[in-house]
Number of protein chains: 2
Amino acid sequence: MSQVTIDTNEVDIVIAAFNSDLTSFLEEWRPIFSRFHLIIVQDPDLKEGLKIPKGFDVDVYTKSDIEKFLSSSSSAAMFSGYSCRYFGYLVSKKKYIVSIDDDCSPAKDNNGDIVDIVTQHITNLKTPATPLFFNTLYDPYRKGADFVRGYPFSLRTGVPCVLSCGLWLNFADYDAPTQALKPELRNTRYVDAVMTVPKNSMMPMSGVNIAFDREIVGPSILPALKLTKEGKYRWETMEDIWCGLVVKVICDHLQLGVKTGIPYVWRNERGSAIDSLKKEWQGVKLMEELVPFFQTLKLSNDAVTAEACVMEMAAAIEKGIGGSRLELANAADNMVEWVKIRKEVESRVLG
Amino acid sequence: MSQVTIDTNEVDIVIAAFNSDLTSFLEEWRPIFSRFHLIIVQDPDLKEGLKIPKGFDVDVYTKSDIEKFLSSSSSAAMFSGYSCRYFGYLVSKKKYIVSIDDDCSPAKDNNGDIVDIVTQHITNLKTPATPLFFNTLYDPYRKGADFVRGYPFSLRTGVPCVLSCGLWLNFADYDAPTQALKPELRNTRYVDAVMTVPKNSMMPMSGVNIAFDREIVGPSILPALKLTKEGKYRWETMEDIWCGLVVKVICDHLQLGVKTGIPYVWRNERGSAIDSLKKEWQGVKLMEELVPFFQTLKLSNDAVTAEACVMEMAAAIEKGIGGSRLELANAADNMVEWVKIRKEVESRVLG
């Protein structure tokens, strides 16, 4: 139904750099990214300096920037590896953040046109979400769509959408066992749809290609879970999956919405699934415990902000699943630490 | 992941005839329907005999067949208008039923190929559904798809899928107010996806294009709600919307699944939305009451079959919302009557 206008001043694009030469990556994205402010966070383990082509409005943050910025070195550890992007979320002052991995290229839609991920993500965020009743014709706010017969009129205003989860063509975000078992598996189907994930339904959030409303839900997009043998490939990490469980429970509690679907990115291959298999089982096994926990987690009526929800949730994790496993207790600690750091950053901006 | 084979002996195609000349309708569908058994139920108000082209394996049921078949004339009233198709569901002996409206033509997919709705519906039903966790890459059982990273392995076997809700191109299944407000609104987007409706999420089921597993969930696909001014167009009825609420609650309770998405049909225009506006408001207002009721309805652990669930639900409706409105009390009565009639039919088949 709606069309949105995008103000370049309300969007930051955050990229975690795992390769020092970002030339081809940024050249591919130039038509879409050039009018926005970019925050690039260099993987703290990457020794060489970054190569960034001219013509971008960009701030780069390195390991020493992160360490200088944070008061304790234990906090800096939160931003290692894949989680370095969260440092970009921390320093952003914009309403919206669009975040993609540096192994992604622009995708083409069914008409062969380049997908503008920024416009689509912000459109997803600026139009309401409908988690309280399922619309069979997908996002009713999309141009050419509407609510299907039987959809209660009182629910047609929807709720604010605060998180937009995009998808991937070519190399999809499968886990290492799936990819190792089916090395030929590629995602070739461009599904021209976006939809709200219903209330009380948990989803596997992938950090490869997302956008969110930092002002409303920023406190809950956090780096918390570190696997003991965390690696440098998506399938060797769980930070985004954990974050997705956290943010979905909070959205359900606060009557906010999460959308999934378009925009797509083209994801290039990286890493050997078979090598990763050695490391991945910890995360796979962990999900069996995490999902029932988050599915039944109830927040109190006192928790009326994302920040308050995170604090309450951290306490519940500590008390519940945190007792049995060190990495989960650490995740709860990191959630508390994240809220603390965010407050420090805010007070510096205001001070 | 899976490919299915379809046994023509396990499928009935049920069509409610509102037009006496079915020639062009059946000729269009001949390539897809000709190898299956057809059950055509004539709208009891339609006076002329049906015109059916040669070459189909078809059983036709008229008003007098319905009356002869049922022991009481009050039961026959359940099968008036749009609800006559349910008589076809009653007399079918097949495992699966595919049911479409007679104002639908075959649709074309994004490659320009005719959509085989029978193959797609039965594929949806023969592959598991995944209502317990959301898969962002849609149906993981579809060829070329799989479970996304983070999807718990213990939930990857899914649950039996018992209901497949297809969609519509051209004239979508909007309500009369929406169509009257936006007379130019047409659905032109072919979304190449099918997905499970998550547990505890209610959806507006449309009876235009559906298929179901009659053996498992047949007792809950029932004609119950009659609006006092029910008309002859979809947007003047609520029987399918009510049925969708009933069947979804039952599926959630019994750990069964509902899919929505492909296959599409091309839906032709019929009726004036503006004329229908006079009649439709009753149904629209009713949804505001029905949705919260069904969303919070809990069935007991004793209800382990669809039939037992329907009986328990009818009692809950009678006790709850049935007290305030005659049409809801009648709907509860019809649910009990439907179970009774089904039992009679079964005993005749066995006897």
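Source: prediction; values computed, not measured.

What counts and what doesn't
- Residues numbered from 1 in each chain as written.
- Chains lettered and ligands numbered in written order.
- Predicted model: local features only at pLDDT ≥ 70, side-chain atom pairs only at ≥ 80, totals over all residues.
- Heavy atoms only, no water.
- Helix = DSSP H or I, 4+ residues; strand = E, 2+ residues; numbered from the N terminus.
- Expected span 1.5 Å × (residues − 1).
- Buried < 20%, exposed > 50% of the residue type's maximum accessible area, 1.4 Å probe, protein only.
- Arc of directions from axis to C-beta.
- Polar contact = N/O pair within 3.5 Å; in protein donor to acceptor, adjacent residues only side chain to side chain.
- Contact = heavy atoms within 4.5 Å.
- Buried area = accessible area lost by both parts, 1.4 Å probe.
- Salt bridge = Lys/Arg side-chain N within 4 Å of Asp/Glu carboxyl O.
- 1 Å grid on protein atoms, 1.4 Å probe; cavity = no way out; pocket = protein on both sides within 12 Å on 5 of 7 lines; lining within 4 Å.
- Points joined across faces, edges and corners; volume = space filled by probe spheres on them.
- Nonpolar A, V, L, I, M, F, W, Y, C, P; charged D, E, K, R; others polar.

A. Summary view of helix H10 (residues 306-319) of chain A. Residue and element names in this part refer to chain A. With 14 residues, H10 extends 20 Å between its outermost C-alpha atoms, agreeing within 8% with the 20 Å of an ideal straight helix rising 1.5 Å per residue. What H10 keeps buried is the set Ala306, Cys309, Val310, Met313, Ala314 and Ile317. What you see down the axis of H10 is that its buried residues fit within an arc of 135 degrees, all on one side.

B. Spatial organisation of the side chain of His37(A). Residues and elements named next belong to chain A. Here His37 is to be found in strand S2 (residues 37-42). By relative accessible area, which is 14% here, His37 ends up buried. In terms of polar contacts, His37 uses its side chain to reach the side chain of Asp12, at 2.6 Å. Polar contacts involving the side chain of His37 include one to the side chain of Asp59, which spans 2.8 Å. Aside from chain neighbours lying at most four places away, what touches His37 is Val11, Asp12, Ile13, Asp57, Asp59 and Lys94.

C. Examining the interface of chain B and chain A more closely. Counting from both sides, the interface comprises 61 residues of chain B and, opposite them, 61 residues of chain A. Summing both partners gives a buried area of about 5,100 Å² for chain B against chain A, and 58% of it is carried by carbon and sulfur. Among the residues chain B hides against chain A, the three largest losses belong to Phe134(B), Arg149(B) and Arg189(B). Together they make up 17% of the total. At the surface where chain B touches chain A, the tally comes to 10 salt bridges. Between Arg149(B) and Asp240(A) there is a salt bridge, with the nearest N and O atoms lying 2.6 Å from each other. Counting across the interface, chain B meets chain A through 22 residue pairs in polar contact (both at pLDDT 80 or more).

D. Structural detail: the layout of surface pockets. Its volume calculated, the largest pocket comes out at about 900 Å³. Taken together, 39 residues line the largest pocket, and the ones lying closest to its centre are Lys199(A), Asn200(A), Lys199(B), Asn200(B) and Gln295(B). Going through the elements one at a time, helix H8 (239-254) and helix H9 (273-296) of chain A together with helix H8 (239-254) and helix H9 (273-296) of chain B are the ones with two or more residues in the lining of the largest pocket. No other element matches H9(B), which puts five residues into the lining of the largest pocket. A breakdown of the residues in the lining of the largest pocket according to their chemical character gives 21 nonpolar, 11 polar and seven charged. Considered as a void within the structure, the second largest pocket measures approximately 620 Å³ in volume.

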